[in-house]
Amino acid sequence: MNEILVLGAGVVGMATAYALARKGIKVTVVDAASGPAEAGASFGNGAQLSYFYTDAMASPSLVANLPKYMLGLDPAFRVRISLSPSFIAWGMKFLANSTQHAFERNTIDILKLALESRSAISEFSGKVEFDYTRTGKLTLYSDSEGLEKARGLTSLKNQFGAHQAVLTRDQALEREPALEGYGHEFAGAVWSPYDEAGDSRLFCKNLQELLERDYGVIFKFGSRVCRLLTRANAMVGVETEIEQVECTCAVICLGAWTATIAKTAGLRLPIWPVQGYSLTIPALASAPTASITDTARKTVFCRIGDKLRIAGLADIGDAQGGFREERFRALLQTAKGIFPRAGIYEGDVNAWTGLRPVTPDSRPIVGKTKIKGLFLNCGHGSLGWTLSMATANRLAESLAP
């Protein structure tokens, strides 16, 4: 293989372009936006490089709470049943992955990927600027029952190299003094000392410069992919809104839009968009230094330079992803309740919404397809930033001669 089109310039697409270019492959990146990470989940994600909080979405606890989610009784998680055949098929597979055995298997598989990604992303800290920090993460649990369940999963993860520790409330306060300003009670936390953080949008922008300068990668922005062109079950090109691009090899890294584009080549992928929101505000001195995940309220806090990124909510069922003011307000009010003095909530809060491309087992889909010359790197859910380099490297290794 000498040339390839990378469809998508989010963090997964940019990482893929880098991994392929390093193998000596001529790469062209195609994206609808005006620049890398300007749309989709890479623009406003939670910023956490969450190498050890790799819990699959499908789990026994989620299924147990489904009635509450479907009735709208949990402000952080909403499920709206869709009659779409694709949603029904995805939902049935999702439920099949919600057993304890499947949950643990999927979580460990994702952990292994995350560990691969950790070393690869660390190498980038000396190549491109992206507000990279190594401050660790505290995952808070509101009650002793949740903390005990976390203890069991932590023990399992540690067998595979997670290096996590379960902390009491007092130990968590000692680790992160900003928790004195936490607005709720909590029983304890899981400490992930090697989790990191970084701005994925800044990463993609600076990586573009490196790819153009050192590897001759070509970028075609403002070029929305409409469909894949095939002949005799092989790739012959890609049709965008402005042109047809001939190619015999392409990899789809289009996040939540991957399944729609893959369908134009007759491929049905088990990916469904889960909508989330974020806001970015100036951080105050009382903001936590470590990244924080509040499991009860499904909200994360992460410093990016002098800013504080707050992300959360998970809305399943609507594939359109339009911004809903009331849902964003729910996140804003939740954030104020958790850390009322962590940042400046008045003024411009940089409201954002995006779609996470979730598979039924939360594992990314990476590799070849039944279409000759067509490859996939997709379905990363909320861990696209975390897993990007691992899946990119795996794909590149499978394609290189």
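Before reading further, recall that the structure is shown in the block above.
To start, this report covers the structure provided alongside it. (Residues numbered from 1 in each chain as written. Predicted model: local features only at pLDDT ≥ 70, side-chain atom pairs only at ≥ 80, totals over all residues. Heavy atoms only, no water.)

Description of the overall build of the protein chain
What the protein chain contains, in helices and strands, is 12 helices and 20 strands. The C-alpha atoms of the protein chain give 20 Å as radius of gyration, which agrees with the globular expectation for 401 residues (21 Å, within 12%). Seen along its three principal axes, the alpha-carbon backbone of the protein chain occupies a region of about 60 × 45 × 45 Å. Classification of the 401 residues of the protein chain by burial places 57% in the buried group. With an accessible surface of roughly 16,700 Å², the protein chain has 51% of that area assigned to carbon and sulfur atoms. Averaging the coordinates of the 43 positive side-chain charges in the protein chain and doing the same for the 39 negative ones gives two points 5 Å apart. (Helix = DSSP H or I, 4+ residues; strand = E, 2+ residues; numbered from the N terminus. Rg over C-alpha atoms; globule rule 2.2 N^0.38 Å. Buried < 20%, exposed > 50% of the residue type's maximum accessible area, 1.4 Å probe, protein only. Areas by Shrake-Rupley, 256 points an atom, 1.4 Å probe, with all protein chains shown as cover. Lys, Arg positive; Asp, Glu negative; His and termini not counted. Charge placed at Lys NZ, Arg CZ, Asp CG, Glu CD.)

Some points on the sheet that holds strand 2 (residues 26–30)
With mixed pairing, the 6 strands of this open sheet are ordered in space as 9-2-1-13-20-19. Two strands lie at the open edges of the sheet, namely strand 9 (218–220) and strand 19 (365–368), each paired on one side alone. Averaged over all adjacent pairs, the angle separating strand axes in this sheet is 20°, with direction ignored. Across 4 bridges, strand 19 lies against strand 20 (residues 374–378) in antiparallel orientation. Bridging across to strand 20, I365 finds its partner in C378. Packed onto the sheet, helix 12 (residues 384–399) meets strand 1 (3–7), strand 13 (250–252), strand 19 and strand 20 and runs at close to 165° relative to strand 20. (Pairing = 2+ DSSP bridges. Axes fitted to C-alpha atoms, helices over the stretch in contact; angles between N-to-C directions. Contact = heavy atoms within 4.5 Å.)

Re the state of the cysteines
On inspection of all chains with the given rule, the structure shows 0 disulfides. No disulfide involves C226; its sulfur sits 14 Å from the nearest other cysteine sulfur, which is in C247. Of the residues examined, C226 reaches a relative accessible area of 33% and is grouped as partly exposed. Left without a disulfide partner, C253 is nearest to the cysteine sulfur of C378, which lies 7.8 Å away. (Disulfide = S-S within 2.5 Å.)

A look at the pairing of strand 17 (residues 307–316)
When you tally the buried positions in strand 17, you get 9 out of 10 residues, the bulk of the element. For strand 4 (residues 77–79) and strand 17, the ladder comprises 3 bridges, and the chain directions are parallel. Note on strand 17: the bridge partner recorded for V79 is I316. Where strand 14 (residues 272–282) meets strand 17, 8 bridges bridge the pair, whose relative direction is antiparallel. Within strand 17, the position partnered with V274 by the bridge is I316. Pairing between strand 16 (residues 299–304) and strand 17: 6 bridges, direction antiparallel. Across the sheet, T299 pairs through a bridge with G312, a residue of strand 17.

Regarding the nonpolar core
Formed by 55 residues in total, the largest nonpolar core has its most connected members in L20, V27, F203 and L211. Elements with a contribution of two residues or more to this core: strand 1, helix 1 (11–22), strand 2, helix 6 (100–124), helix 7 (144–158), helix 9 (200–215) and helix 12. Excluding residues within four positions of it along the chain, V27 makes contact with I4, V6, A17, L20, A21, V217 and I218. Membership of the second largest hydrophobic core comes to 30 residues, among which are L138, A172, W191 and F339. (Core = buried A, V, L, I, M, F, W, Y, C linked by side-chain atoms within 4.5 Å.)

With respect to the pairing of strand 16
Along strand 16, 5 of the 6 residues are buried, which leaves the element largely enclosed by surrounding structure. Two strands pair when backbone bridges link them, and strand 15 (residues 291–294) and strand 16 are joined in this way by 3 bridges, in the antiparallel orientation. Its bridge partner lying in strand 16, T293 is registered against V300. Between the antiparallel neighbours strand 15 and strand 16 lie 4 residues, among them K298 with a positive phi of about 50°.

Re the pattern of salt bridges
All chains considered together, the criterion is met by 19 salt bridges. A salt bridge links K298 to D74, with the shortest nitrogen-to-oxygen separation between them at 3.9 Å. Of this pair, K298 sits in the loop between strand 15 and strand 16 while D74 sits in the loop between helix 4 (66–70) and strand 4, and the two are 224 residues apart along the sequence. The class of K298 is partly exposed, set by a relative accessible area of 28%. (Salt bridge = Lys/Arg side-chain N within 4 Å of Asp/Glu carboxyl O.)

Notes on the side chain of S223
In this fold, S223 is placed in the loop between strand 9 and strand 10 (225–231). Side chain to side chain, S223 and T240 meet in a polar contact 3.1 Å long. Among all residues touching S223, those that are not within four sequence positions of it are V30, D31, A32, T240, I242 and E243. (Polar contact = N/O pair within 3.5 Å; in protein donor to acceptor, adjacent residues only side chain to side chain.)

Quick word on the packing of aromatic side chains
For any two aromatic rings, the description comes down to two numbers: the centre-to-centre distance and the angle of the planes. Applying the stated rule across the entire model yields 18 aromatic pairs. Ring geometry for Y51 against F52: centres 6.5 Å apart, planes inclined by 75°, an arrangement best described as edge-to-face. For the cation-ring pair, K127 lies above F124, with the distance from its terminal atom to the ring centre recorded as 5.7 Å. (Phe/Tyr/Trp six-rings, centres within 6.5 Å; stacked < 30°, edge-to-face > 60°. Lys NZ or Arg CZ within 6 Å of the ring centre and 35° of its normal.)

Side note on the sheet that holds strand 12 (residues 244–246)
The sheet built from 3 strands is open, its strands ordered 10-11-12 with antiparallel pairing. Two strands lie at the open edges of the sheet, namely strand 10 and strand 12, each paired on one side alone. Each strand of the sheet is rotated relative to its neighbour by a mean of 25°, with strand direction disregarded.

Overview of the environment of Q333
Tracing the chain through its elements places Q333 in helix 11 (residues 325–338). In sequence terms Q333 and S98 are 235 residues apart; their C-alpha atoms lie 30 Å from each other.

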